[in-house]
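# Observations on chain architecture
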Amino acid sequence: MTSVKICGLTDPDLVGFVAREGADWIGFNFAPGSPRRVTPQAAATLLMQVGRARPVALLVDPDDAEIDTIAALGFPVLQLHGAETPGRVAAIKARTGLEIWKVLGVAQRADLDGAAAYTAADRLLIDAKPPEGATRAGGHGQVFDWTILDHWTAPGPWMLAGGLTPGNVAAAIAATGAPAVDVASGVERIRGLKDRDLVRAFIRAAKQP
Ligand SMILES: O=C(O)c1ccccc1N[C@@H]1O[C@H](COP(=O)(O)O)[C@@H](O)[C@H]1O
């Protein structure tokens, strides 16, 4: 069954709801400029509601001080959504010992060429490349051409993101064979605020047999 991450939660009641609906991971976004951004203080409260879901900290080009602050909150997984090099990913892995996900933004097949260099990453997250002139690294609700992934063999565990919604996630899984999917804006009606009906519909559609 496909695993599901719901990303960018900011409200404790919604965190509990998402966990009860069966999300495998719940993402908390520390990226500057994101409408889903939370402070470390707020995250400490949100983390109390995750139930059996695993919390994931989304960071963009974090320095060591930010890494240490977030690791101290008890996150088991760090999602690196910036321009972190393979060397920087390895350094963060060595510093924290945590599970590390590295995001690759793709717009063409060649964007996958660097994937194998991220040997320290425990999972690759394949997302749409941000649009020209974008001021943040992700969460744009933009789908990329899934045929880019045709015949691609991931070097390890991976996950699909980029403009996924309750209406397209089943097709995305069928087209790419993704073992796991991630969504932020596709389960919101108001930007930055998750919608319960959309969250439920997304998880059901992704996990349907
Ligand atoms: O959601 C954000 O605001 C965000 C900001 C900075 C980096 C990543 C961000 N979100 C991540 O982007 C992908 C795709 O999001 P979407 O479903 O297309 O809206 C996903 O991993 C989000 O967690």
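Looking up the protein chain in an unreviewed UniProt entry gives the name N-(5'-phosphoribosyl)anthranilate isomerase, with the organism given as Hyphomonas johnsonii MHS-2. Per UniProt, the comment on the protein chain under Sequence similarities (unreviewed entry) is "Belongs to the TrpF family." The UniProt entry for the protein chain carries this comment under Pathway (unreviewed entry): "Amino-acid biosynthesis; L-tryptophan biosynthesis; L-tryptophan from chorismate: step 3/5."

This brings us to the overall build of the protein chain. Helix and strand content of the protein chain: 6 helices and 10 strands. A principal-axis box enclosing the C-alpha atoms of the protein chain has dimensions of 40 × 40 × 35 Å. Out of the 209 residues in the protein chain, the part that is buried amounts to 40%. Counted over contacts in the protein chain with a minimum sequence separation of 6, partners at least 24 positions apart contribute 53%.

Turning to helix 5 (residues 169-176), its buried residues number three or more, namely Val 169, Ala 172 and Ile 173. All buried residues of helix 5 lie within an arc of 95° about the axis, which places them on one face of the element. Opposite the buried face of helix 5, at more than 90 degrees from it, the exposed residues are Ala 171 and Ala 174. Next to the buried residues of helix 5 lie strand 7 (158-160), strand 8 (180-183) and helix 6 (196-207). Of the residues trailing helix 5, Gly 177 is marked for its positive phi of about 70°.

Around the ligand, a shell composed of 29 residues is seen, among which Cys 7, Ser 34, Gly 138, Gly 139 and Ser 185 lie nearest. Contributing elements (two or more residues each) for the shell around the ligand: strand 2 (25-29), strand 6 (123-128) and strand 8. Tallied by class, residues from the shell around the ligand come to 11 nonpolar, 14 polar and 4 charged.

Here is what the cut-offs are and how they apply
- What you see as residue numbers is a count from 1 along each chain, following the sequence as written.
- Since the coordinates come from a predicted model, pLDDT governs what is reported: local features require at least 70, and pairs of side-chain atoms require 80 or more to be given and counted, while whole-chain, interface and lining totals use all residues.
- UniProt positions are given in the numbering used here, feature names are shortened, and annotations may be inferred rather than shown by experiment.
- Secondary structure elements are taken from DSSP: a helix is a run of H or I of four residues or more, a strand is a run of E of two residues or more, and numbering for both begins at the N terminus.
- Each residue is classed by its C-beta neighbour count within 10 Å, where at least 20 other C-beta atoms makes it buried, 12 or fewer makes it exposed, and intermediate counts make it partly exposed; the C-beta atoms are placed from backbone geometry.
- What counts as a contact is two residues whose backbone-derived C-beta atoms lie within 7 Å of each other.
- The reported arc concerns the directions from the helix axis to the C-beta atoms and nothing else.
- Nearness is defined per residue: the C-beta atom, placed using the backbone, must lie within 6 Å of the molecule or strand.
- Amino acid classes used here: Ala, Val, Leu, Ile, Met, Phe, Trp, Tyr, Cys and Pro are nonpolar; Asp, Glu, Lys and Arg are charged; the rest, including Gly, are polar.

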